[in-house]
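Fold and geometry: a report
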Amino acid sequence: MQVAGFLRRELPVRLAHRIQDLDQVPLLREMPSVKRVKETYVDSFLELSQMPPVDTAEKERAFGARLENLYEKHANVLVDM
């Protein structure tokens, strides 16, 4: 549960930094592919931010399943960029 708790706290922070990074590059932020990637990051940030604390085995399993879905959702980010 420690790892899940760490990821629940840390992943939104890292996504927020990537969102800010994409917003700060003038030429890139207008590109459709960068906009799609940013939208993916924003959606994932919101989803992770709204998750309850991971303090039971059941919540840990649910969190793991959500992470798998997010992983699949982000699989094409490098291709899109």
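Our structure is the block above this text.
Residues numbered from 1 in each chain as written. Predicted model: local features only at pLDDT ≥ 70, side-chain atom pairs only at ≥ 80, totals over all residues. Heavy atoms only, no water.

1. Regarding a nonpolar patch on the surface
Rules: Patch definition: residues with relative accessible area over 30% and no salt bridge; like charges joined within 9 Å; nonpolar side chains (Val, Leu, Ile, Met, Phe, Trp, Tyr) joined within 5 Å. Note on areas: Shrake-Rupley, 1.4 Å probe, and residue coverage restricted to the protein chains presented here. Salt bridges are identified by distance alone: a Lys or Arg side-chain nitrogen within 4 Å of an Asp or Glu carboxyl oxygen. The secondary structure listing takes helices from DSSP runs of H or I that are at least 4 residues long and strands from runs of E that are at least 2 residues long, numbered from the N terminus. Exposure classes here rest on a 1.4 Å probe applied to the protein chains alone. A residue is buried below 20% of its type maximum, exposed above 50%, and partly exposed in between.
A contiguous nonpolar patch, built from Val25, Leu28 and Met31 and spanning about 200 Å² of accessible area, is present on the exposed surface. Secondary-structure assignment places Val25 in the loop between helix H1 (2–24) and helix H2 (32–49). Look at Val25 and you get partly exposed, because its relative accessible area is 34%.

2. Considering the nonpolar core
Stated formally: Residues belong to a common nonpolar core when they are buried Ala, Val, Leu, Ile, Met, Phe, Trp, Tyr or Cys residues joined through side-chain atoms within 4.5 Å. Here a residue-residue contact requires only that any non-hydrogen atoms of the pair lie within 4.5 Å.
In this structure, Leu22, Val37, Tyr41, Leu48 and Phe63 are the most contacted members of the largest nonpolar core, which totals 13 residues. In contact with Leu48, other than residues within four places in its own chain, are Leu11, Pro12, Leu15, Phe63, Leu67 and Leu70.

3. Some points on the packing of H2 against helix H3 (residues 57–74)
Relative placement of two packed helices is described by the angle separating their axes and the distance separating the axes. Condition: With axes taken as lines fitted to C-alpha atoms, and helix axes fitted only over the stretch in contact, angles between N-to-C directions fall between 0 and 180 degrees. When describing relative orientation, an angle under 35 degrees is termed roughly parallel and one over 145 degrees roughly antiparallel, while 65 to 115 degrees is termed roughly perpendicular and anything else oblique. Amino acids are sorted into nonpolar (Ala, Val, Leu, Ile, Met, Phe, Trp, Tyr, Cys and Pro), charged (Asp, Glu, Lys and Arg) and polar (every other residue, Gly among them).
Two numbers describe how H2 lies on H3: the axes approach to 11 Å, and their chain directions differ by 175°. Comparing their axes, H3 and H2 come out roughly antiparallel. Together, Thr40, Tyr41, Asp43, Ser44, Glu47 and Leu48 of H2 and Phe63, Arg66, Leu67, Leu70, Lys73 and His74 of H3 make up the contact between the two elements. Taken together, the residues of the contact of H2 with H3 sort by class into five nonpolar, three polar and four charged.

4. Let's talk about the pattern of salt bridges
This structure, assessed with the given rule, holds six salt bridges. Between Asp23 and Lys38 there is a salt bridge, with the nearest N and O atoms lying 2.8 Å from each other. Taken together, the residues Asp23 in helix H1 and Lys38 in helix H2 connect sequence positions 15 residues apart. Measuring nitrogen to oxygen at the nearest pair gives 3.2 Å for the salt bridge that ties Lys59 to Asp55.

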